[in-house]
Amino acid sequence: MEQTFFIIKPDGVKRGLVGEVLKRIEQRGFTIEKLELRSQLSEELVDQHYQDLVGQSFYPPIREFMTSGPVLVGIISGPKVIETWRTMMGATRPEEALSGTIRGDFAKAAGKNQAIQNVVHGSDSEESAKREIALWF
Ligand code: DAT
Ligand code: MG
């Protein structure tokens with residue numbers, strides 16, 4: 001069965017959206033295979049997770065945001081879960097995320113030079129799902 005890796009980011013945990021996000025995963029019929037609260041991420045782990053973005057000028061605020069508070073991380077499984085979870089999350093930029101998606105319903109637009117705080121993460125391909133699951137668990 002296909003698996004993907006997800007994060008409820010610091011904004012999602014701080015704003016009390018854990019139940020809402022998990023409810024949507026369960027409602028959709030996906031199986032929660034692993035679920036862990038990580039109270040403080042290291043900068044090293046965040047940098048490895050976002051290895052493709054580390055060199056970007058906008059990356060330092062992302063690192064700061066991801067280490068700013070507890071996150072919930074997990075693995076979910078089901079048919080086509082990688083693509084379906086991405087659809088359920090919605091577009092990266094809150095202002096572009098459609099209503100009905102997690103980001104479209106909950107993510108707040110970021111100010112200039114602020115990290116985009118968009119509640120959730122999900123692996124974007126089979127290859128990243130494998131890499132991220134191995135990195136985090
Ligand atoms: P996604 O999280 O939708 O997979 P991504 O992998 O391109 O998007 O980027 C990871 C996170 O980094 C994203 O959720 C928000 C932040 N981010 C991406 N591009 C950004 C930008 N141009 N400015 C600020 N933050 C950005
Ligand atoms: Mg991504």
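Before going into details, it helps to say that this report is about the structure given with it. Treat the numbers as computed from the prediction; the structure is a model and nothing was measured.

Focus: the sheet that holds strand E1 (residues 3-8)
One open sheet holds the 4 strands; their spatial order is E2-E3-E1-E4, and the pairing between them is antiparallel. Strand pairing shows two members of the sheet lacking a second neighbour, strand E2 (31-38) and strand E4 (120-122), which therefore form its edges. On average, each strand axis in the sheet is tilted by 20° relative to the strand beside it, whichever way the strands run. As paired strands, E2 and strand E3 (residues 71-77) are joined by 7 bridges and run antiparallel to one another. Residue pairing in the sheet places Lys34 in a bridge with Ile75 of E3.

A closer look at the site of ligand 1
Taken together, Lys9, Tyr50, Leu53, Phe58, Ile62, Arg86, Thr92, Arg93, Arg103, Ile116 and Asn118 make up all the residues around ligand 1. One of the side-chain N or O atoms of Lys9 is found 3.1 Å from an oxygen atom in ligand 1. Asn118 has a polar side-chain atom sitting 2.8 Å from an oxygen atom of ligand 1. A breakdown of the residues in the shell around ligand 1 according to their chemical character gives 5 nonpolar, 2 polar and 4 charged.

A short note on the packing of aromatic side chains
In total, this model carries 3 aromatic pairs according to the counting rule given. Ring centres of Phe5 and Phe137 lie 6.2 Å apart, and the angle between their planes is 70°; on these two criteria the pair is classed as edge-to-face. Of this pair, Phe5 sits in strand E1 while Phe137 sits in the segment after helix H7 (126-136); the two residues are 132 residues apart in sequence, bridging distant segments of the chain. We classify Phe137 as partly exposed; its relative accessible area is 29%. Taking 5.8 Å as the distance between ring centres and 65° as the angle between the ring planes, the aromatic pair formed by Phe6 and Trp85 counts as edge-to-face. Here the residue Phe6 occupies a position in strand E1, and Trp85 occupies one in helix H5 (residues 81-89), the gap between them amounting to 79 residues.

Remarks on the pairing of E3
Counting buried positions along E3 gives 7 out of 7 residues, so the element sits mostly inside the fold. Where E1 meets E3, 6 bridges bridge the pair, whose relative direction is antiparallel. Paired with Phe5 across the two strands is Ile75, which belongs to E3.

Topic: the environment of Ile62
When you line up the elements, Ile62 lands in helix H4 (residues 59-66). Overall, Ile62 belongs to the buried group, its relative accessible area being 13%. Taking the C-alpha atoms as reference points, Ile62 and Arg24, 38 residues apart in sequence, are found 25 Å from one another. Non-local contacts of Ile62, meaning those with residues more than four positions away in its chain, are made with Tyr50, Leu53 and Ala115.

Scoring rules and cut-offs
- Think of each chain on its own: its residues are numbered from 1, step by step along the sequence as written.
- For this description, chains carry letters from A and ligands carry numbers from 1, given in the order in which they are written.
- Note on the predicted model: pLDDT of at least 70 is required for a residue's local features to be given, and 80 or more for side-chain atom pairs to be given and counted; whole-chain, interface and lining totals, by contrast, use all residues.
- Computation of side-chain values covers all heavy atoms of the structure but excludes hydrogens and water.
- Pairing between two strands requires that DSSP report at least two bridges joining them.
- Counting from the N terminus, the helices are the DSSP runs of H or I reaching at least four residues and the strands are the DSSP runs of E reaching at least two.
- The angle between two axes is taken between their N-to-C directions and runs from 0 to 180 degrees, where each axis is a line fitted to C-alpha atoms and a helix contributes only its stretch in contact.
- Only heavy atoms are used to decide nearness, and a residue is near a molecule or strand if one of them lies within 4 Å of it.
- Counted as a polar contact is a pair of N or O atoms within 3.5 Å, where, for protein atoms, one must be capable of donating a hydrogen and the other of accepting one, and residues adjacent in sequence contribute only when both atoms are in side chains.
- Asp, Glu, Lys and Arg are counted as charged, while Ala, Val, Leu, Ile, Met, Phe, Trp, Tyr, Cys and Pro are counted as nonpolar; the rest, among them Gly, fall into the polar class.
- Two rings from Phe, Tyr or Trp (for Trp, the six-membered ring) form a pair when their centres are within 6.5 Å of each other. A pair whose planes differ by under 30 degrees is stacked, one over 60 is edge-to-face, and the rest are tilted.
- Relative accessibility decides the category of a residue: with a 1.4 Å probe and only protein chains considered, values under 20% of the type maximum give buried, values over 50% give exposed, and everything between is partly exposed.
- Note on definitions: a residue-residue contact is assigned when non-hydrogen atoms from the two residues lie within 4.5 Å.

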